[in-house]
Amino acid sequence: MEKFTSGESFLFKFSEQKDFDILLLDIEMQGIDGVNLAKEIRKHNGYAEIIFITGYSDYISEGYEVNALHYLLKPVNPNKLFEVLTKAKERLKKNEKRLSVTENGEMYLIPLYEIKYIEVIKNYVTIHAKRDFTVKKTLSEFENELDERFYRMGRSFIINLKEIEKVTKTEVFLSNGTSLPLPRGQYDNINRAIIMRG
């Protein structure tokens, strides 16, 4: 457990280390307040469980924007704090698998459920998630880090089976409207994978 005296001191640490799992943020702080701090955190970390601590109930609606887990009103009840931390731990466990990537010198942890598909173009791989990440790595290296919900589709793509809406003999259509070319001979294999693992 780490403590920070201000939002700014946390952001200094966060610029180098983004893999925080549970954050307890006081809404009213000197400098950047808890809500705006949470917005900065969400730009790089979408899975951390954020718990706000405040003396006022006026701010509760603002928590929806940053997907806050809970608001604890001051003075904080120790039993309620324990209950909320247990809930945060359970939610993290459900989404615990993440892909670690380094882009432009910064490390990001991408929850696997956010990944739509991964695509290779020449010597680079692009991970299509809430936003795109492009890194110099092979598709096979990523394949080893993924779980059973992903399917290797030829030389160019790894696809999240849960994102598939339709498969034809020549294309795979995803829930976000993307269509990907289906390599020859893959139709039966991908349909089998959807039934077994999707």
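As a starting point, this report considers the structure included with it. Worth saying up front: this structure is predicted, and the values here are computed from it rather than measured.

Here the largest pocket is characterised by a volume of approximately 650 Å³. Residue lining of the largest pocket: 20 residues in total, with Glu2, Lys3, Phe4, Leu23 and Leu24 positioned closest to the centre. The element contributing the most residues to the lining of the largest pocket is strand β1 (residues 22-26), with five residues. Split into classes, the residues belonging to the lining of the largest pocket amount to 13 nonpolar, three polar and four charged. The computed volume of the second largest pocket comes to approximately 270 Å³. Lining the second largest pocket we find 15 residues, and of these Arg42, Lys43, Gly46, Glu114 and Lys130 sit closest to its centre.

This structure, assessed with the given rule, holds twelve salt bridges. Among the salt bridges present, the one from glutamate 145 reaches lysine 137, with a minimum N-O distance of 3.0 Å. Classification of lysine 137 as partly exposed rests on a relative accessible area of 24%. The shortest N-O distance in the salt bridge between arginine 152 and glutamate 143 comes to 2.9 Å. For glutamate 143, a relative accessible area of 34% translates into the label partly exposed.

So, about the packing of helix α1 (residues 7-14) against helix α2 (residues 34-42). Two measures define how a pair of helices packs: the angle their axes make with one another and the distance between the axes. Where α1 meets α2, the axes come as close as 11 Å, and the angle between the chain directions of the two elements is 10°. Compared by their axis directions, α1 and α2 come out roughly parallel. Contacts between α1 and α2 involve Gly7, Phe10, Leu11 and Phe14 from the former and Leu37, Glu40 and Ile41 from the latter. Class assignment for the residues of the contact of α1 with α2 results in five nonpolar, one polar and one charged.

For the rest of this paragraph, the subject is the pairing of strand β7 (residues 124-128). For β7, the tally of buried residues reaches four of five residues, placing the bulk of the element in the interior. With five bridges connecting them, strand β6 (residues 117-121) and β7 associate as antiparallel partners. Note on β7: the bridge partner recorded for isoleucine 121 is tyrosine 124. With antiparallel pairing between neighbouring strands as the criterion, β6 and β7 make up a hairpin whose turn holds two residues, including lysine 122 at a positive phi of roughly 55°. Between the antiparallel neighbours β7 and strand β8 (residues 132-135) lie three residues.

Thresholds applied
- Residues numbered from 1 in each chain as written.
- Predicted model: local features only at pLDDT ≥ 70, side-chain atom pairs only at ≥ 80, totals over all residues.
- Heavy atoms only, no water.
- 1 Å grid on protein atoms, 1.4 Å probe; cavity = no way out; pocket = protein on both sides within 12 Å on 5 of 7 lines; lining within 4 Å.
- Points joined across faces, edges and corners; volume = space filled by probe spheres on them.
- Helix = DSSP H or I, 4+ residues; strand = E, 2+ residues; numbered from the N terminus.
- Nonpolar A, V, L, I, M, F, W, Y, C, P; charged D, E, K, R; others polar.
- Salt bridge = Lys/Arg side-chain N within 4 Å of Asp/Glu carboxyl O.
- Buried < 20%, exposed > 50% of the residue type's maximum accessible area, 1.4 Å probe, protein only.
- Axes fitted to C-alpha atoms, helices over the stretch in contact; angles between N-to-C directions.
- Parallel < 35°, antiparallel > 145°, perpendicular 65-115°, else oblique.
- Contact = heavy atoms within 4.5 Å.
- Pairing = 2+ DSSP bridges.

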